[in-house]
Structures are given as structure tokens and as C-alpha cells.
Amino acid sequence: MADIREILSWYGSDNPGTLTNLSRMLQHGRLGGSGKMVILPVDQGFEHGPARSFAPNPPAYDPHYHYKLAIKSGCNAYAAPLGFLEAGAREFAGDVPLILKVNDHDVLYDEADPNQALTGSVSDALRLGCVGIGFTIYPGSAQRLDMYSQIHTYAEEAKRYGLVVVIWSYPRGSGLSRDGETGIDVTAYAAHLAAQLGAHIIKVKLPSSHVEQDAARKVYEDCHIPVATLTERVRHVVQCCFNGRRVVIFSGGPAVPDDQVFDEIRAIRDGGGFGSIIGRNSFQRPEPESLQFLDTIMKIYAGEQS
Amino acid sequence: MADIREILSWYGSDNPGTLTNLSRMLQHGRLGGSGKMVILPVDQGFEHGPARSFAPNPPAYDPHYHYKLAIKSGCNAYAAPLGFLEAGAREFAGDVPLILKVNDHDVLYDEADPNQALTGSVSDALRLGCVGIGFTIYPGSAQRLDMYSQIHTYAEEAKRYGLVVVIWSYPRGSGLSRDGETGIDVTAYAAHLAAQLGAHIIKVKLPSSHVEQDAARKVYEDCHIPVATLTERVRHVVQCCFNGRRVVIFSGGPAVPDDQVFDEIRAIRDGGGFGSIIGRNSFQRPEPESLQFLDTIMKIYAGEQS
Amino acid sequence: MADIREILSWYGSDNPGTLTNLSRMLQHGRLGGSGKMVILPVDQGFEHGPARSFAPNPPAYDPHYHYKLAIKSGCNAYAAPLGFLEAGAREFAGDVPLILKVNDHDVLYDEADPNQALTGSVSDALRLGCVGIGFTIYPGSAQRLDMYSQIHTYAEEAKRYGLVVVIWSYPRGSGLSRDGETGIDVTAYAAHLAAQLGAHIIKVKLPSSHVEQDAARKVYEDCHIPVATLTERVRHVVQCCFNGRRVVIFSGGPAVPDDQVFDEIRAIRDGGGFGSIIGRNSFQRPEPESLQFLDTIMKIYAGEQS
Amino acid sequence: MADIREILSWYGSDNPGTLTNLSRMLQHGRLGGSGKMVILPVDQGFEHGPARSFAPNPPAYDPHYHYKLAIKSGCNAYAAPLGFLEAGAREFAGDVPLILKVNDHDVLYDEADPNQALTGSVSDALRLGCVGIGFTIYPGSAQRLDMYSQIHTYAEEAKRYGLVVVIWSYPRGSGLSRDGETGIDVTAYAAHLAAQLGAHIIKVKLPSSHVEQDAARKVYEDCHIPVATLTERVRHVVQCCFNGRRVVIFSGGPAVPDDQVFDEIRAIRDGGGFGSIIGRNSFQRPEPESLQFLDTIMKIYAGEQS
Amino acid sequence: MADIREILSWYGSDNPGTLTNLSRMLQHGRLGGSGKMVILPVDQGFEHGPARSFAPNPPAYDPHYHYKLAIKSGCNAYAAPLGFLEAGAREFAGDVPLILKVNDHDVLYDEADPNQALTGSVSDALRLGCVGIGFTIYPGSAQRLDMYSQIHTYAEEAKRYGLVVVIWSYPRGSGLSRDGETGIDVTAYAAHLAAQLGAHIIKVKLPSSHVEQDAARKVYEDCHIPVATLTERVRHVVQCCFNGRRVVIFSGGPAVPDDQVFDEIRAIRDGGGFGSIIGRNSFQRPEPESLQFLDTIMKIYAGEQS
């Protein structure tokens, strides 16, 4: 398992300010110092609407709930849009590393080639005491080039001011089939794009064994790239991110049975992934259950549980 | 009923300048100090045309009329586009808190996916002595992401200069059915979006019990979210705005019988809403009747009348 | 008839620089001090081409011709695009108030939803010694929101530097029928939009009695708004511009018989309009006839002729 | 023939820096002091491709060739895109006035409504020692308003820094028929647009007697505008440029027999045109022939040859 | 063979900073001082995806691999997108001249008229210690004018700060047939465009003898431009780049048999080309083979091998 000092060494082009903030995340919480991370993201209110996000566990309507959950569970960081962060940044100042999601998307309009709105800035992140910014790109969308250009502009400014850049790379849009969005070739490609765009931390969905593009399929077959198991696929994605020189974490997607989640966590761990970003599976249940659930996940990552 | 000090405490990420202006609105007028607000908005001349707006009560063609109406009736604030505010800001300087509507839309062109023009600036608001800016977004429109990005830019600048940000969140556009524009799921979502975009005060229309989106309907049913009565729906919308940690007010829509309006005010009050923004029902009748009408509304909010 | 001091009092949000320039226009020329204005606009070369504009009176090809015509006839101001103003601003410096048209449109391409090009700036207006800028909007065009946003940006800068803002509000585009472009409801709405956008002086075409929009027709009928005569229609438009608190002037349109023009001037005067902006009817005839023609118009406005 | 001092007097709104550069062009070369100009433009490599432009005379592939040709032939100025100017500006510094073409278009994509790319800046022109910038507009294209707005921005900056503004006004696009592109009404209109946009020097193609627009045809007939001969048409175009108060020059178009070119030069001279801009006819033949050819043209302009 | 001092003399409009960086590239590595260059470009991860690029030689997933390959093989420079450069710029600081690719394109969305995202900046290039920037244009795409305008902006800034500008000119898009993308007329035109846009170094693909455009075919035939052999075509392209006054290098395209590559290198050398930019043929094989392969190429360029 990578030591924090080694992880920091991969980011030789960044200033000490950014390394300090990256170190803060890596040293914080239950997994602090392990080189693994669990991040609590709560942008579902914006992305899917408040009732779909919080009605299953009504205390979660309150922005303080998520701050407390991230703190109590010992997450490495808490990521949310502007409004949610503003609503507690003073009360919980210094208690948990914060990541400001600086772009967001809602589902009150349905488009074939989605984009995101720019809903936060580097200045916002700094005034709220965040350690970094989060930015979503949609490889596969006709709008993707605009998003790549935007994240470059954001990342350049963020790095100048010592912030960490986290890219949510979510393949989506008319360039891809539904299965293709989580296909192994597409996921690995999307993760690589985020790395090339300058991300310090890359977040992708767990990939399936589906291969979407013909030109890629030929290579996966000819080179016998092992992608049959989830562990292998995680390993491949990590390799595609500068051969492991970038922190790659995986998101949980919609709520699934806990055992399945735990199996996924083991696959991430065993494949050399650096952790998870777990939203709905965390906050859509009563807090005690959430804490229990996150504790199990962290134990798996920490190697305290197989 | 929330005490003003408590309301201000919800905005811990804002500077004292913004809190001062928010406090000015909350302390002004007939409802000053009660934690409830009634705002007079007069953007209908721009939005629907002058004759449709003012012919029913011709003195209302005069911009001074609305300043005086807001002052005499004891409204907490008066909101209008640039021209209307410029036409009286010197004469009535200091007499009523002002909100500059910084974007507007007209109906001389009919589009399926509306946007708004940027018709005012933070600098305008400051030079006119305003306490805040008002911005409309149209969730449901193909243009919505542009509006979300714009309000972010405006809000960031406004907060830097100590202004209050009020977002009119009006679902509209080809992403929604006509009924869907005021559906409870859509209204709650739209209010939540405004909160996430950094609004201090959120203005939405009173929601119907219609549920627009299939994915939302499942949750409303499964979680038994009570939305049968208007009071319940107001309570749900307030909950969706950071569990009550944001000021949500409701607009009156087209002229309806007074008794119906008063019933709606009671529902807002009983559901935990923070007040009303009432345009056409106020100024489209002779001034004495308006004052009487607004007085009744304020009595209901103040708890002086059931 | 409004006294100049009173007119200036309507612009309480403007700085003394702007009031000085507005006063210069109101005090200049044959109608100086009367509160009425006649402005000579010569943008037809750009808008319709040079031959269509100047061949009927070839000396008018010369930009100096129009400066001299405006000066000799005693117009309150001369308005033209950049090139025409640059071609005489030094020679006639100080002889007549100048308005720089900062956007323009040509007819070498025919579009359903017109826009304008930005062909001048506030800096241009200042370096040429202008008292103000002129800007055209096309309510009814799919491009209108862009124009509204642009004029706001221009107007904000112009006001900061003490210039007067004149808006040409010309309904046009696929949102309107041909008759609708000059319909009374549309004209009144267009004038109101200009006022809300911050214009000091509003220029519209003389309206017909046609009512374009159904929602408006209902109000015109229910409220018995008198629009049968041109005088009544002028009065209605003036009322729709902040109840007479904004200077509204009317344009002449294509060349028509002089008697008809004089009747229109009387209607403008009797309806409370503030004057005329007369291009083609002025310069498309020999200078002596123009001077005679404009003299008659000014006499009507001055009340020296019925 | 206009004296240089008189020509400069037409530009009373420009600063001495711009007049100095304009004077430099008018005083330079074989026609220096005559009030006439011949400019060598070499943007055909960009516009049509290098082989089509230079293969007929291979030494012309070398950017130094054109500098030398302009110098040896005694042209008033040499105009080219960024790359060509950069490739010799140091070697030939001070030997010939330079005009930087700041926008350009290629034909590797064929569009109905062309635009141009912005390929140079005012700063580029200044660092290369140019006397002015050249900008192409396409009246008749759906993209024309963008080009008008761009040239305004460029011209404003150029004038601030003492540069001359040359506008290539080339009607083109879906708003015009093929014949219409060089029709007399369209050419005259296009030249007038350039003048209104603030050009010091206007370049148009030699017009045909075709009249494109119905509204224009009526005027050309009713006013008996003489356009039967090329001389008359040149005179009309010059008249349409502020009655001769702007320098209008004409381009040669594709290679034609020399006698025809010389006849055209006589027509330009006799019609009051100020000169020519001659590219392909100059450099697409061996240098000695070019020099001979240009010498004849200059003799005609200088009145040394009928 | 051109001496370095002579090459630098072609760039007389550039500042000493840019000449210094150009000299650094020309003096670096195995071919240093010869006037020839071999550059290692590794943007295929972004352009085609990581598995297609690196699975054939898995150590190449690691960004350090490419730094080392460029250093060990003695390449003149190493070019890559932001992420790849950031991942080693500190470790290998000063060991090899770096070129930051500032725009990039991926294939997760397939478009008829491609564009590129802006993924790096001049500031990025400076903070990473690069000698220059690389920019791709797609002549033939409907988006090309935007790319031309962007590269101008980038190039102007890069030159101000002493960086070298390398343009990848890759014809592509609906304006061209598939064969046309590498046709000799199109390739020569594309190279010339890059030169006119201000490139110091121009990169094109090796052209075929296909002639795409009718207007060009006539000239190629009439002027008997020799393009039958690859050597002739290289010579023609170099001629089209300011008659040899710009450095033109050629890219290798997809992996082909080594002997074919070596023949191409000879053709480039014999045609007066300045070198190669070789990606996939270099890094998609085991390192020892790559070094052998590149050594042979450099020997051919150095004239040590026929």
C-alpha cells in the first residue's frame, strides 16, 4: 500500500500548497495515513432532486447532517455543491476537508448530449476553506470539448492557489450506448482523460466487462488485457491512470445490497484502487446504519477485515 | 416563528455586509422583526407588457406609485427591473429596501425553451442603494444551464459586495408539461436548485399536488411524503430548502379572488413558509383596496388574524 | 409643456454628467428650452444602402451635408453611425449635439430574426464629443435577449461616463406579424421595454390601431384604453413609458406627403410626445425644402402653428 | 487630383499617429505624393492555397520575393497575413509600408455563408512595424454581423495606437446571387458599409452593371444613376464613400489580359478612384514582367500615360 | 543541410527568447546541431485511449517511460498533453526539451467536423519548463476558423514569452474526402496555413499523390509540379512553407513495417524535410527495439546511413 509521502511524490509539478491540501485529505479521518480514501459526496439533491435524494432518510434534508456524517464516520473529505457547503462551512470549519463541486447538472430537462452548469468558482472554494474543487466531465457527449476546456481553466487556477483538483469522469451522451457508459474500455479511457486534464484525484464508476468501441476491442483481445473480474478491471483502470501515479477512486452508483457493495470495495482494494466515493448508499439510511456501513467499508480498505 | 437572529445564523458563509442587508429586509415594514416577509415585485411591465400590467389601475403606470405602495403598505422590500428602480431611487432613498431584478424576459417572442436577458448588474444595484439582486432561472428549459452559470457569477459578485441574492425559480420549458411547471416534485426541486446555487431567499410558485417525473413519483409514494394539502406542500418545499435553513417565499401568480389568496397565505404560514411576493394582486386594484388587501395578508402572517 | 428642469428631475439616478448632456440636447436649436426635440438621424446609408438613401438628393452623399442640415435647421441633435460622425466631428465640433449609433444592421442579407452588429462604443462616443449613444433593439426577434443584454452593458458604461442613452425600439422578427410590428400594443410594449432597460430617450415608430397579441387585446377592450386616434395612441405610448417620466420621440418612417407628416406631428404634440426623429423625409429633398419642412415641424411643436 | 494634405484633412477624427501612417503610405513609392496608390496584397496562399498562388511563378513561394517586388515596383504598401510579414519584417524594416491582414479565410471547407478567422492583432501589427491593419468583411453572409462587430473592435484599437484601417469589403454569401456579388448596387453598398465602419481605406472589387436588389433597382432607375460604363460605376462607388472623402481602391481579381487591366486602371483613374490593389496579376508572372506591368499601371495613375 | 544559425535567421520577427528555445531543440540530442529533428509525441492516450496506445507495450502506461525514451534515444524534444508532462517535469527537469500540447481531442464522440478542447495554456508551458507549445488545427472542418483564431491567440502569447510554436496541421472534416486528408494539394495547403498562422515548426502527415480539389488539380497539371515520388512531395510541401524558410516535420501515422518507415525517412531527408515526429512506431514496442528503431532513423537523418 502506497505511503502518503510516495503518493505526494507523484505530483511533482504541483506547488506545496496543493500538496498540503492533498496531504490533508490523505491524513484525515479513519483511513488517514493509509493511502486509501473514502469521500462522502452529496450532490444528489442538485442532480436528482431533493425528494429522491433525501426522503428515504429525512434528516438528510439538513445540510448539517452530511457534515456530521462525514465527520462521525471518519471520511477523508466531504464534497458538495455551493449551497450545501455554504450552509455549514462556518459551523464545521476545520472539522473535515471540503471539496466544492464547481459544476452541476439537474434532470428537469432531458438531453441526449448533456453538459453541466458552472455553479462554483475557485474563489468560492478558497473563501469556504475547501481543500479542493470537484468537476464533472461527460466523455461521450457532443458537449465534451467545452467541458474539457472549462476544467482546464478551473484546474489551472486551482493549482495556482494550492487547491486539489478532483475530476468526476462520467461517460455519457450520444456517442455511447447505455452499456458503453460503464464499459471497461470507456471507463479506462475516461479515467485517462481526467488524468491528462490534470486531475489529482480521478473518480469513475466501477466498470463492467463490456467493451464498447471496435477499435478498442481489437486491442483488448489481441493484448489479452485481463478484464474478466472486477478486481482486474479496477487494476486496468488504475494502470490507465499513469500506471498508478494518480489517485483513482470509484463511485458507488445507486443503492445496492450492502454485501454487493462490500464485494466491490474488496475488488477496488485488491485491484489497487485508492478508495471510494459513496453517496446514496451512505446517507439514504438512518445514521447509525450509515456509520456501521461506512465503518465496514473502511475496515476493508484498512485491511482490518478481509 | 424564527427569530431574525436565528435566520441570520443560517448564513454563516456570508459576510457581515450581506447579513446587514438581509437584516434590513427582515426588520423593515409592517412585518419587521417577525421573521416573515411580504415583498412587492413589479416586473410585469417587462414580462407581460405595460397595458396588461397597469391598465387595470392606471396610476400604476407611474414608477413612483409602486415605491409608495411598498412604503405605505409596509412591505419588507420592493423588487423591480432597472428602469423602474432608477425612476425613483433618489426620491425614495432609504424608505424601503430595494431588490434589483438583474435579468428579465418579455413575451414579444414566444419560445419553447425560454431564457432571460441580463438587464442589470451588481454595480447597478450598489449605485441605486439596493439591498440585493433578484435573478430568475427556468429549470426545465434547454437554456437552464446557462442561467445557472450566470446566477453563480452574479451571486459570487453580489456576496462579495454585501448584497442579498434572491432567486426566482420558475420551472418552464420543453422539459416539462404545463401541469409539471407547478407540480410539487418540480417546485420542490426548483427551490432546492436555487438553494444549492447560493440563494439567500428563494421564490417559487405555490405548488399543486401534481407529480411530474416518474422517478420522483415512486419516491413520493414509497416514502409517503404528505403533499395532499397546500400546507403540506409548502412544508415539503421548505424542507427541500436545506430543511428550513433558507428563506423561502411564494408568489401569487395571476389575480385570483382575495379569499383564495388569504387561504393560500394561511397555508404558507402554517407550512412554515417565510412569506409572499405579491405583484399583480397588489397593484392591479385601486390603492386603498391594495393597502387593505396587503394589510390582511400581513395580519395573517403576523398571527393577528387566523 | 414640461419645463427642462422638470424633465431632468425624472432622471434622479443619473449623474450630473448625464444630466448635463441631456440638458444640452434639450437646450439646443430651434426648440431649445421648449421641452420638445427634433433629432436628425442618418443611418439609412448603413441600413438601406447609399443609393437608396442619398440618390434622391445627391449632396446628401457627403457627411458634411447632414451636419450642416442639422445645424441650419436647428435640430436638437444629429445621430449617425461611426463613419458619418467621424467624417465631420472635428469640423463641426460643438455646433450640434451628437448621438453615436453604436449598433447597426444592413439589408444585404435577409433574416427572419434580425440582430444588429456592434459598430461603435462608449469610448468612440466620448472621443467624438457626443452627448449620447443610440442603440437599436428588435423586440419580436429570436435574437432580442442578446440585444437587451448588450444595451444594458452599453448603457451602464455610458451612464458612468455621463452620456445619454437613446434606445431605438423597433419591433421586428418572427414573433410578430407584419402589422404587429407597428401595432399599438406592441409599440407600447416596445417603448416600455426601452424604458425598463434604462433609456433616457426612447424612439419608437408611430403606432397603428392594430392590436397584435390576444392577451393584450383582452385588456385593451376590457379597460377601454382609447387608441382610435393617433393622438390617443401617442398618449398611451407616453403613459407606458413611466407615465410620462421618460422622453419618448417618434420616427417618421418612409417618405410620405408633407401634410400627412404635419398631421402626425400634431398628433405627437397633442398626445404628449416629446418630439420626432426624422431622417428620410428631411434629407431626401433639396436643402431649402428640407429647411422649410423642418421649420414647419418645429413651429408645430413650438405651438407657433396649429 | 487630390493633394495629400487634402486627403489627410478628411480624417479629422483620427489622431496624428494614424495620419502619419496614412501619409507614409501616400508619400511612399512611385506614386508617392500623387494621391494615388497601388498596393501589393499577397494573401492568396492562405485564401486559395500555395500551389494555386505561387506555382505559376515559383520564386513567389518565398516571402522575401513579395517584399522585394513591392519595393522594386514602387508600390505604396505591401499587405499580407501574419506569417508572410513575420518572414521578412526584420530584413526589410523601413523599406515599404506594411499592412497586416488580421483576418483570413481558406477554401479547404466550402460554406454558403463564409466567415473569417482572426489571425492577427493590432499588437502584431505594431511589433512588426506596420502602418495599418487589413480586415475582410463579407456583406451578404449570414455571419456578416459578427464580422462588422469584430472590425469595429479592431478598428477602435488600431486608431488608438495610430494605425490605418483598411477594409476589404467583399460581398459574398447566401444573401446574394453570384452576379450580385459584384453588382453595382451591392458593391456601392459594401463600400459604404466599410466607410461607416470606420475604414480609412476601402477596397472593393470592380463592379458590373448588374443591379441585385429590387429596392435598389427602383432607385437606380428613378434617379437615373449613371452606371453603364466602368468609369461611371467607379465614380458612383467613390461617391457612395462619403462623396469622395474616403480613399477607395479597387482589386484586380483573377488574372486577365493586361490590356483589360490597363483599361480598368484608366476607368478607376477617370472615375476618381484612388488606386488599385493588385495581387495575382502582379506576382504570378516573372519579376521583370511584373515590374513592367506595374510600371504601366503607375504611369496611367500618374497621368504619364493615357 | 541548413546550419542552425541559418535556421534561426529565418525567424527575424521573433524575440531572442523564442530563438533561444528553438535553438535548444535544434541543439539537443543525437541530431543536435545537424539542423534535423526527431520529436517524440505521446498524445495518443488522449486521442485514441490508453489501452489502444499502451497495451502493446505496457511499460508505456507510465509517463516516466516516455520521458526516459525521449532522453535515451536522443530525441530533440518530447511533446505531450498536460497530464503526461506534469507527471515527470520535475523528475526530468532540464533533461529534454518539452512541448506542451495545449489542445486535444478524444474519440469517445464521433463528429463529422471535429474541433479540439483547449487543455493547456502558455502559463502551463512556462511553469513546466517547456520550450514551446503544440497546437492542432483541422483544415477541412467546419470548425476550422475557430481553431485558426485560437492558435493565433495562443501563438501571440507564446511568442511574447519566448516560446516556440509548433502547429500540427491535420486536414480533416466534412470539407474533404478520406483520401483528400492526405492529398498532396491539401497537405501542402495545410502546411502553408500553419506557416501563415505563425508556426515556427509545422507538422503534417506524409502526403499521397492524390489531388483533392479541382481548382488545384488544374494548377498541378498545368505547372507540371512534380509530385510522383514521396521525395518530390516532401520537397513540394517544404517549398509551400515559405520556400524552406520554416521548419517542416512529418508524422509517422499508424504503425507500419520498419523498412517502410526508413524509406519514408529517406524521402523526408532527400526532399529537404527537417525531420520526423514519431509516436506509435516508437513507444508501441519494447524499449530496446524502440531505441534501435530511432537510432536507425537518426542515422538516416544524420547521413550516417543511406
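Treat the numbers as computed from the prediction; the structure is a model and nothing was measured.

## What to know about the overall build of chain A
Working step 1: Along chain A, the regular secondary structure elements total 14 helices and 10 strands.
Working step 2: A compact globule built from 306 residues should have a C-alpha radius of gyration of about 19 Å, and chain A, at 18 Å, falls within 12% of that.
Working step 3: With the principal axes as the frame, chain A shows a C-alpha extent of 55 × 45 × 40 Å.
Working step 4: The 306 residues of chain A split such that 67% are buried.
Working step 5: Summed over all atoms, the accessible surface of chain A reaches about 9300 Å², with 48% contributed by carbon and sulfur.
Working step 6: Here chain A carries 28 positive and 35 negative side-chain charges, and the mean point of each set is 4 Å from the other.

## Looking at the environment of Val 238 of chain A
Residues and elements named next belong to chain A.
Working step 1: Counting through the fold element by element, Val 238 comes out in helix α11 (residues 230-240).
Working step 2: Judged by its relative accessible area of 8%, Val 238 falls in the buried class.
Working step 3: The sequence separation of Val 238 and Phe 274 amounts to 36 residues, and the corresponding C-alpha distance is 8.9 Å.
Working step 4: Each residue touching Val 238, except ones within four places of it in the same chain, is listed here: Asn 243, Gly 244, Val 248, Gly 271, Gly 272, Gly 273 and Phe 274.

## Details of the sheet that holds strand β9 (residues 247-251) of chain E
Working step 1: A barrel is described by the order of its strands in space; here 8 strands give the closed sequence β1-β2-β3-β6-β7-β8-β9-β10 (chain E), paired in parallel fashion. Strand-to-strand twist in this sheet, taken as the mean axis angle between neighbours without regard to direction, amounts to 25 degrees.

## Concerning the relation of the copies chain E and chain A
Working step 1: Between the two copies, chain E and chain A, the superposition gives an RMSD of 0.0 Å; the rotation angle is 72 degrees and the shift along the axis is 0.0 Å. Such values leave the two copies arranged in the relation of a five-fold axis. When C-alpha positions in chain E are compared against the rotation axis, the closest is assigned to Asp 146 of chain E, at 11 Å.

## Quick notes on the sheet that holds strand β8 (residues 201-205) of chain D
Within a beta sheet, neighbouring strands are joined by backbone hydrogen bonds and run either parallel or antiparallel to one another.
All names here are of chain D.
Working step 1: Strand order in the closed barrel formed by 8 strands is β1-β2-β3-β6-β7-β8-β9-β10, with parallel pairing between adjacent strands. The mean angle between the axes of side-by-side strands here comes to 25 degrees, regardless of whether they run parallel or antiparallel.
Working step 2: Packing of helix α5 (residues 63-73) onto the sheet brings it into contact with β1 (37-41), β2 (77-80) and β3 (98-101), and relative to β2 it is tilted by some 155 degrees.

## A word on the side chain of Asp 14 of chain C
Working step 1: Looking at the element boundaries, Asp 14 of chain C is found in the loop between α1 (4-9) and α2 (16-27).
Working step 2: Although Asp 14 of chain C lies buried, it forms no salt bridge, and the closest oppositely charged side chain, Lys 159 of chain C, sits 4.8 Å away as judged by the N-O distance.
Working step 3: Polar side-chain contacts of Asp 14 of chain C include one of 2.9 Å to the side chain of His 200 of chain C.
Working step 4: Among all residues touching Asp 14 of chain C, those that are not within four sequence positions of it are Arg 90 of chain B together with Leu 19, Lys 159 and His 200 of chain C.

## Points about the interface of chain E and chain A
Interfaces are often described in size by the accessible area the parts lose on coming together.
Working step 1: With 44 residues of chain E in contact, the opposing surface of chain A contributes 43 residues.
Working step 2: Summing both sides of the interface, chain E and chain A together bury roughly 3400 Å²; the carbon and sulfur share of this comes to 59%.
Working step 3: The interface formed by chain E and chain A contains 4 salt bridges.
Working step 4: Linking chain E with chain A are 21 residue pairs in polar contact (both at pLDDT 80 or more), by the criterion used here.
Working step 5: When contributions to the side of chain E that touches chain A are tallied by element, the ones reaching two or more residues are α3 (44-48), α4 (50-54), α5 (63-73), α6 (82-86), β5 (117-118) and α7 (122-127) of chain E.
Working step 6: Taken together, the residues of the side of chain E that touches chain A break down into 21 nonpolar, 12 polar and 11 charged.

## Some details on the interface of chain A and chain B
Working step 1: On the side of chain B, 42 residues touch chain A, which itself brings 44 residues to the contact.
Working step 2: Roughly 3400 Å² of surface becomes buried between chain A and chain B when both sides are summed, with 59% attributable to carbon and sulfur atoms.
Working step 3: A per-residue breakdown of the area chain A buries against chain B is headed by Tyr 61, Leu 108 and Tyr 109 of chain A, which together make up 23% of the total.
Working step 4: At the junction of chain A and chain B, the tally comes to 4 salt bridges.
Working step 5: One salt bridge connects Asp 62 of chain A with Arg 245 of chain B, and the closest N-O pair in it is separated by 3.0 Å.
Working step 6: At the boundary of chain A and chain B, one finds 20 residue pairs in polar contact (both at pLDDT 80 or more).
Working step 7: Among the elements of the structure, α3 (44-48), α4 (50-54), α5 (63-73), α6 (82-86), β5 (117-118) and α7 (122-127) of chain A are those that each provide at least two residues to the side of chain A that touches chain B.
Working step 8: In terms of residues, the side of chain A that touches chain B owes the most to one element, α6 of chain A, which gives 5 residues.
Working step 9: For the side of chain A that touches chain B, a count of residues per class yields 21 nonpolar, 12 polar and 11 charged.

Conventions adopted
Residues numbered from 1 in each chain as written. Chains lettered and ligands numbered in written order. Predicted model: local features only at pLDDT ≥ 70, side-chain atom pairs only at ≥ 80, totals over all residues. Heavy atoms only, no water. Helix = DSSP H or I, 4+ residues; strand = E, 2+ residues; numbered from the N terminus. Rg over C-alpha atoms; globule rule 2.2 N^0.38 Å. Buried < 20%, exposed > 50% of the residue type's maximum accessible area, 1.4 Å probe, protein only. Areas by Shrake-Rupley, 256 points an atom, 1.4 Å probe, with all protein chains shown as cover. Lys, Arg positive; Asp, Glu negative; His and termini not counted. Charge placed at Lys NZ, Arg CZ, Asp CG, Glu CD. Contact = heavy atoms within 4.5 Å. Pairing = 2+ DSSP bridges. Axes fitted to C-alpha atoms, helices over the stretch in contact; angles between N-to-C directions. Least-squares fit on C-alpha atoms with pLDDT ≥ 70 in both. Salt bridge = Lys/Arg side-chain N within 4 Å of Asp/Glu carboxyl O. Polar contact = N/O pair within 3.5 Å; in protein donor to acceptor, adjacent residues only side chain to side chain. Buried area = accessible area lost by both parts, 1.4 Å probe. Nonpolar A, V, L, I, M, F, W, Y, C, P; charged D, E, K, R; others polar.

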